[in-house]
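Below, each chain spelled out in residue letters.
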Amino acid sequence: MRKRPRETNSENVTVANAMEFQSRFKDLARRWHKETSHLSLASRMASHSAYEQIIEMGWAVVPLLLDELRRKPDHWFIALERITGANPVPAECEGKIEKMAAAWVK
Amino acid sequence: MSGRRRTLKKHLMRLFPRLRAGSFQITSRPTPLYNCIAFAAGVVDEWWEYRRGYTWPNAGRNPSLDEAIELFAGLGFAVCDNDLPETHWEKIAIYGDHAGYTHAARQLESGRWLSKLGKLQDIEHKRLVDLTGGDYGDVKQIMRRRRPVKSVG
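How each quantity is defined
- Residues numbered from 1 in each chain as written.
- Chains lettered and ligands numbered in written order.
- Predicted model: local features only at pLDDT ≥ 70, side-chain atom pairs only at ≥ 80, totals over all residues.
- Heavy atoms only, no water.
- 1 Å grid on protein atoms, 1.4 Å probe; cavity = no way out; pocket = protein on both sides within 12 Å on 5 of 7 lines; lining within 4 Å.
- Points joined across faces, edges and corners; volume = space filled by probe spheres on them.
- Helix = DSSP H or I, 4+ residues; strand = E, 2+ residues; numbered from the N terminus.
- Nonpolar A, V, L, I, M, F, W, Y, C, P; charged D, E, K, R; others polar.
- Buried < 20%, exposed > 50% of the residue type's maximum accessible area, 1.4 Å probe, protein only.
- Lys, Arg positive; Asp, Glu negative; His and termini not counted.
- Salt bridge = Lys/Arg side-chain N within 4 Å of Asp/Glu carboxyl O.
- Polar contact = N/O pair within 3.5 Å; in protein donor to acceptor, adjacent residues only side chain to side chain.
- Pairing = 2+ DSSP bridges.
- Contact = heavy atoms within 4.5 Å.
- Buried area = accessible area lost by both parts, 1.4 Å probe.

### Considering empty space enclosed by the protein
Under the defined criterion, the tally for this structure stands at 2 cavities of 30 Å³ or more. Within this model, the largest cavity holds a volume of roughly 80 Å³. Lining the largest cavity are Phe77(A), Ile78(A), Glu81(A), Asn87(A), Val89(A), Met100(A), Trp104(A), Arg51(B), Arg52(B), Gly53(B) and Tyr54(B). The dominant element in the lining of the largest cavity, judged by the number of residues it contributes, is helix α5 (residues 77-84) of chain A, at 3 residues. Tallied by class, the residues present in the lining of the largest cavity amount to 6 nonpolar, 2 polar and 3 charged. What the second largest cavity holds in volume is close to 30 Å³. In terms of residue class, the lining of the second largest cavity is made up of 3 nonpolar, 2 polar and 2 charged.

### Considering the side chain of Asp122(B)
All names here are of chain B. With respect to the element layout, Asp-122 can be found in strand β6 (residues 122-125). Here Asp-122 is buried and forms no salt bridge, its nearest opposite-charge partner Lys-116 lying at an N-O distance of 5.0 Å. A distance of 2.9 Å separates the side chain of Asp-122 from the side chain of Tyr-34, its partner in a polar contact.

### Quick look at the pairing of strand β7 (residues 138-146) of chain B
Residue and element names in this part refer to chain B. Looking at chain direction, strand β2 (residues 78-80) and β7 are connected through 3 bridges and run antiparallel. Across the sheet, residue Ala-78 finds its bridge partner in β7, namely Arg-144. Where strand β3 (residues 89-97) lies against β7, 8 bridges are found, and the strand directions are antiparallel. The partner of Gly-96 across the bridge, within β7, is Asp-138.

### Some words on the pattern of salt bridges
Scanning all chains against the criterion turns up 14 salt bridges over all chains. Taking the shortest distance from any N to any O, the salt bridge between Arg31(A) and Glu35(A) comes out at 4.0 Å. Taken together, the positions of Arg31(A) and Glu35(A), both in helix α1 (residues 9-36) and 4 residues apart, correspond to about one turn of that helix. The class of Glu35(A) is partly exposed, set by a relative accessible area of 38%. The closest approach of N and O atoms between Glu81(A) and Arg52(B), which form a salt bridge, is 2.8 Å. Residue Glu81(A) is found in helix α5, and its partner Arg52(B) is found in the loop between α2 (36-40) and α3 (65-73); the two belong to separate chains. The structure contains a network of salt bridges with shared partners spanning Lys26(A), Glu68(A) and Arg71(A).

### Looking at the side chain of Lys9(B)
Residue and element names in this part refer to chain B. Mapped onto the elements of the fold, Lys-9 is located in helix α1 (residues 3-15). As a buried residue without a salt bridge, Lys-9 has its nearest oppositely charged side chain in Asp-130, at a separation of 10 Å. One polar contact links the side chain of Lys-9 to the main-chain carbonyl oxygen of Phe-24, over a distance of 2.7 Å.

### Some points on the interface of chain B and chain A
Across the boundary between the two partners, chain B contributes 29 residues, which contact 24 residues of chain A. Taken together, the two surfaces of chain B and chain A that pack against each other cover about 2300 Å², and 51% of this comes from carbon and sulfur. Taken together, the links from chain B to chain A amount to 4 salt bridges. On inspection of chain B and its partner chain A, the count reaches 17 residue pairs in polar contact (both at pLDDT 80 or more). Broken down by element, the side of chain B that touches chain A gets its largest block of residues, 4 residues, from strand β4 (residues 100-107) of chain B.

### What to know about the layout of surface pockets
Approximately 520 Å³ is the volume attributed to the largest pocket. In this structure, the largest pocket is lined by 21 residues; those nearest its centre are Arg4(B), Leu8(B), Pro30(B), Leu120(B) and Gln121(B). Going through the elements one at a time, α1 of chain A together with α1 of chain B are the ones with two or more residues in the lining of the largest pocket. Across the lining of the largest pocket, the residue classes tally to 6 nonpolar, 7 polar and 8 charged.

Printed below as a string of structure tokens:
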């Protein structure tokens, strides 16, 4: 069996940072779900401090948001649009959450 | 009632302090696919919201109560002054707070109300006041339209 190359210190730091980043995202997402799921407006959900902190995490959080959308469609669209400046959802899919999610993840 | 259902009801009662265990039933599973505004309009596969990117027919795209009223007016509802059940009339209630509309509920012929709670479940509740006093604010407007005539087969 081939020996795996030894990880350097800097790779360890990078992995640790990535895990910490992901864990922070999970914590914020959990808090956002818990405290806003009963609200009727995605815009109000998006004004929650946990959601705003997720947006502040910037481009690096985009893959995690897309993973969430693949796992279960939810109102991550405002965050994705704010971070990326893009909106890939065709007009005919607006309001159709599964189709909106599909437009983002494809 | 199962333990799980009891836990779900307790969770909703924490979110809406005026809900009482005996005054409401959970009638669906949680889903983010539709919200209360769509549900009050009879739609269960779209999220209706003033924000660009969501469905918002017949009304201006801002969160004011007036625009929510405009939206339902576009669906044939007219403002009315009471929430009592009336034969042949379908009623909806719009809730709001200082920032605009927050929620809508639809009345059943029995006089009870149906509400979709954000991304959570649909519930059937006894009184409109059950959902007031928290994040939904207060009932701001009742509207009504003629119920479609049921065909006799």
